[in-house]
Structure formats: C-alpha cells, structure tokens
Amino acid sequence: MGIADTAEAAGEKAVGRVREEAGGVTEVLANMLGATIRPGWHAGALTEGDVLPPLWHWAGFPEDTPMERLGPDGHAAPGAFLPDLGLGRRMWAGGQLRFRRPLHIGERLTKRSEITGVEWKRGGSGPFALVSLEHAISGEGGLAIEESQQIIYLAIPDTYRPPRPRPAPEGAVFDEVVAVDSVRLFRYSAATFNGHKIHFDREFTTRVENYPGLIVHGPLQATLLIERAVRHRGGALPVSLSHRGVHPMFEHHPLRLIGVDEGAAMTLCTATLPEHGGHQGMQVTAEWA
C-alpha cells in the first residue's frame, strides 16, 4: 500500500470516531480572555454566573496532551482522534454554529465531537484533505451549542504563495483597527491552551511552515468580530453564525474589524489596511432572532 493509500485508509477509518470531554470556563479564564480581547478592560469585570460571551467556549476544552505526544507543530500528534493523513499543515477552514441556550462562567460543560467526513481534493498547490466534525456543547441545562467544523490538511509548500485577495466590503457600519502583535497572539494561545507554533514561534513559522510571519488565530479573529458586532447590536447575542478563513493574517499588519448591517444579519470580516492591500482575512456571517 502506497503513502496516498495509507492516508486515505486512515481518513476512512477515522469517520465516525467520537470523543467526549468535560470542561468549562472559570472566572479566572474568562477574565484572561477579556483582558486579551476587549478594549478598555478592567480586572475582574466578569464573575461566576455571568453569561459566557459568544465563541468563548472555544477556551473551555483544553487538550491536555502530554508533551511527548505533541507533533512538531505543537499540536497533538495526529492519529489519536484526528487522523494522520501524512500532510504537515493543519488549519481551520471554517465552521457553523447555532446557539440554543446561553452558557455561563463557572458552569460545568460537556462536549461530544464526531468526525463525520474526510474528503480529498486537489488545489493549485497539490492534494489536500478536508476533515469535517460535529460538536455538541452542553451546559447544566442541556444542549447549548451545535457546531460544525472543517479542518484542512495540506502539505507545507516550499515558499509562501498567498491565496487570491478578496477586497474589503463597502457600506460598513463599523471599520475599526485592532493592534495585533506577538503578545496578543501568545496570550490568546495561552488562554486557549493552543500549542500551535505558527502563533508564537516565529522561527518555526518562517523557516518550517514558510510563512512571512506569525499568524493571527482564526478563532481570535472570529471572536473579535462577533464581540464588535454584539456591541453594535446593543449587547444582543446572535442565534447563529458561520465563519470562513479566506486569507492568512499576520502579526506585522494591524487588523481591521469590519461590519455590514443587513437587518437580521450582519456580514463581518477582518481585513488589512488599504496600504497593505485591503484584503479580507476571516469572514463571519451572524444572524439575530
């Protein structure tokens, strides 16, 4: 059996695999996230029992993988839950969420994850695989969030070739600039217990993954966008959202948070400044009841 056949067999074997986890977002962790994400933060602004802001549950289930089981990129080595597809780069492609009921800081949470598909495709830089997962996040009152997630596996290219740029939208109701640097990226990695080196290890990122600089987390971008949209909506929380990464965003460029109000929905994106091309990075569509 060849390498490609082995990878495809590993993908097929992984479909239907289930993992169940217990977790939660403590008061301390919530304030770590707030200090990293929210402007004008003051210590202890969130307390136990407060409603957990949208997407902060991503910090609630840290992978306690021991050091000896980590892969060279700082992630848990593939094969235990996610399949080993013989490709060196893993990225969040996108996802969809539906919010059924609010979660709270300090609440006991559970998450059931299932790999629902592994699809092989071919792009301009060669073959890649798309792994689909379904997550069900429950609190003490029952099911709270239904989440679909897509992860891309691909080979690490010899040089960085950016995807086709997509221009920032017009007609925005807000277009604000957020500074991103290695400190903010490190703090978000620490709060989410994310060991992926592309967010904090510049030498690995530029010399092994061949990116031009540290990468801004897709989940961080989505969280910053929905935080700003909720403020625009006077604190009202969305009932659903979808997110998709269309271009890597790097530490050396400030991040624009852009929102277009479309009534019951908002179209959101991050983007670079016009002098850096003005292209989009993360796209989010959020809906309100």
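Structure first, text after, so check above.
Cut-off values and rules
For every chain, the first residue of the written sequence is number 1, and numbering continues from 1 onward in sequence order. Given that this is a predicted model, residues contribute local features only at a pLDDT of at least 70 and side-chain atom pairs are listed and counted only at 80 or more, while totals for whole chains, interfaces and linings are drawn from all residues. Computation of side-chain values: all heavy atoms of the structure, hydrogens and water removed. Secondary structure follows DSSP: runs of H or I at least 4 residues long count as helices, runs of E at least 2 residues long count as strands, and numbering of each begins at the N terminus. Every radius of gyration here is taken over C-alpha atoms, with the globule rule written as 2.2 Å times N^0.38, N being the number of residues. Pairs of residues are marked as contacts when any of their non-hydrogen atoms sit within 4.5 Å. Areas reported as accessible are Shrake-Rupley estimates using a 1.4 Å probe. Residue values count occlusion only from the protein chains shown. Counted charges follow a simple rule, with Lys and Arg positive, Asp and Glu negative, and His plus the chain ends left uncounted. By convention, charge coordinates are those of NZ in Lys, CZ in Arg, CG in Asp, or CD in Glu. Nine residue types can take part in a nonpolar core, namely buried Ala, Val, Leu, Ile, Met, Phe, Trp, Tyr and Cys, and a core is a set of them joined through side-chain atoms within 4.5 Å. The buried label goes to any residue with under 20% of its type's maximum accessible area, the exposed label to any with over 50%, and the partly exposed label to all in between, with areas taken from a 1.4 Å probe on protein chains only. In protein, a polar contact requires one atom able to donate a hydrogen and another able to accept it; more generally it is a pair of N or O atoms within 3.5 Å, and residues adjacent in sequence count only if both atoms are side-chain atoms. Paired strands, as defined in this entry, are two strands with at least two bridges between them according to DSSP. For each structure, a 1 Å grid was placed over the protein atoms alone; sets of points admitting a 1.4 Å probe that cannot get out are labelled cavities, open sets with protein on both sides within 12 Å along at least five of seven lines are labelled pockets, and lining residues have an atom within 4 Å of a point. Grid points are joined across faces, edges and corners, and a volume is the space filled by probe spheres set on the points. Residues are grouped as follows: Ala, Val, Leu, Ile, Met, Phe, Trp, Tyr, Cys and Pro are nonpolar; Asp, Glu, Lys and Arg are charged; every other residue, Gly included, is polar. A fitted line through C-alpha atoms serves as each axis, taken over the contacting stretch for helices, and the angle formed by two N-to-C directions is quoted from 0 to 180°. These descriptions rest on fixed angle ranges, namely under 35 degrees for roughly parallel, over 145 for roughly antiparallel, 65 to 115 for roughly perpendicular, and the rest for oblique. Each crossing gets its handedness from the near helix: less than a right angle anticlockwise from the far helix is left-handed, clockwise is right-handed.

S.K.: Go over the overall build of the chain, please, and point to the residues and values.
M.R.: Along its length, the chain carries 5 helices and 10 strands. Computed over its C-alpha atoms, the radius of gyration of the chain comes to 19 Å, within 12% of the 19 Å expected for a compact globule of 289 residues. Taken along its principal axes, the extent of the C-alpha atoms in the chain is 60 × 50 × 35 Å. For the chain, long-range pairs separated by at least 24 residues make up 71% of all intrachain contacts whose partners lie at least 6 apart in sequence. Summed over all atoms, the accessible surface of the chain reaches about 13900 Å², with 53% contributed by carbon and sulfur. For the chain, the centre of its 28 positive side-chain charges and the centre of its 34 negative side-chain charges are spaced 2 Å apart.

S.K.: So, the nonpolar core: which residues are in play, and what are the values?
M.R.: Leu55, Ile226, Leu241 and Leu268 are the most contacted members of the largest nonpolar core, which has 45 residues in total. Here this core takes 7 residues from helix 5 (residues 218-232), the largest share from any one element. In terms of nonpolar packing, the next biggest core, distinct from the first, is built from 11 residues, Leu85, Ile115, Ala129 and Val131 among them.

S.K.: How would you explain the environment of Asn210 if you had to name every residue and give the values?
M.R.: Among the secondary structure elements, Asn210 is positioned in the loop between helix 4 (202-207) and helix 5. For Asn210, a relative accessible area of 21% corresponds to the partly exposed category. When the C-alpha atoms of Asn210 and Gly34 are compared, they prove to be 32 Å apart, with 176 residues separating the residues in sequence. Those residues in contact with Asn210, other than ones at most four positions away along the chain, are Ile156, Pro157, Asp158, Thr159, Tyr160 and Thr205. Side-chain polar atoms of Asn210 contact the backbone oxygen of Pro157, separated by 2.7 Å. Reaching out from Asn210, the side chain makes a polar contact with the backbone oxygen of Asp158 at a distance of 3.3 Å.

S.K.: Residues and numbers for the pairing of strand 9 (residues 265-271), please.
M.R.: By the criterion of burial, strand 9 is predominantly enclosed, with 6 of the 7 residues buried. As paired strands, strand 8 (residues 255-261) and strand 9 are joined by 6 bridges and run antiparallel to one another. Directly across from Val260, in strand 9, lies its bridge partner Thr267. Once strand 8 ends, the chain turns through 3 residues before running back antiparallel as strand 9, passing Gly263 with a positive phi of about 85°. One ladder, built from 6 bridges, connects strand 9 with strand 10 (residues 280-287); its direction is antiparallel. Paired with Cys269 across the two strands is Gln283, which belongs to strand 10.

S.K.: Could you give an account of the layout of surface pockets, naming the residues involved and the relevant values?
M.R.: The volume enclosed by the second largest pocket comes to roughly 250 Å³. Lining the second largest pocket are 18 residues, and of these Ile37, Arg38, Pro39, Val178 and Arg184 sit closest to its centre. Only helix 2 (27-37), strand 6 (174-178), helix 3 (182-191) and helix 5 provide two or more residues apiece to the lining of the second largest pocket. The biggest single contributor to the lining of the second largest pocket is helix 5, with 4 residues. By residue class, the composition of the lining of the second largest pocket is 9 nonpolar, 1 polar and 8 charged.

S.K.: Go over unusual backbone geometry with me, naming the residues and quoting the values.
M.R.: The backbone of Phe193 sits at a positive phi, close to 55°, despite the residue not being glycine. Relative to the helices and strands, Phe193 resides in the loop between helix 3 and helix 4. Notably, Asn210 is not glycine yet its phi reads approximately 65°, a positive angle.

S.K.: Report on the side chain of Gln150, specifying residues and quantitative values.
M.R.: Turning to its location among the elements, Gln150 is positioned in strand 5 (residues 142-154). Reaching out from Gln150, the side chain makes a polar contact with the backbone nitrogen of Gly95 at a distance of 3.5 Å. Beyond its immediate stretch of four places on either side in the chain, Gln150 contacts Met91, Trp92, Ala93, Gly94, Gly95, Gln96, Leu130, Val131 and Ser132.

S.K.: Could you give an account of the environment of Arg164, naming the residues involved and the relevant values?
M.R.: Inspection of the secondary structure puts Arg164 in the loop between strand 5 and strand 6. Judged by relative accessible area, Arg164 falls into the exposed class, the value being 58%. For the pair Arg164 and Ala10, spaced 154 residues apart in sequence, the C-alpha to C-alpha distance is 31 Å.

S.K.: Tell me about the packing of helix 2 against helix 3, residues and numbers included.
M.R.: Contact pair helix 2 / helix 3: the axes reach a minimum separation of 10 Å and the direction vectors enclose 160°. Taken together, the axis directions place helix 2 and helix 3 in an arrangement best described as roughly antiparallel. Relative to helix 3, the crossing made by helix 2 is left-handed. Across the interface between the two elements, Leu29, Met32, Leu33, Ala35, Thr36 and Ile37 from helix 2 touch Arg184, Arg187, Tyr188 and Ala191 from helix 3.

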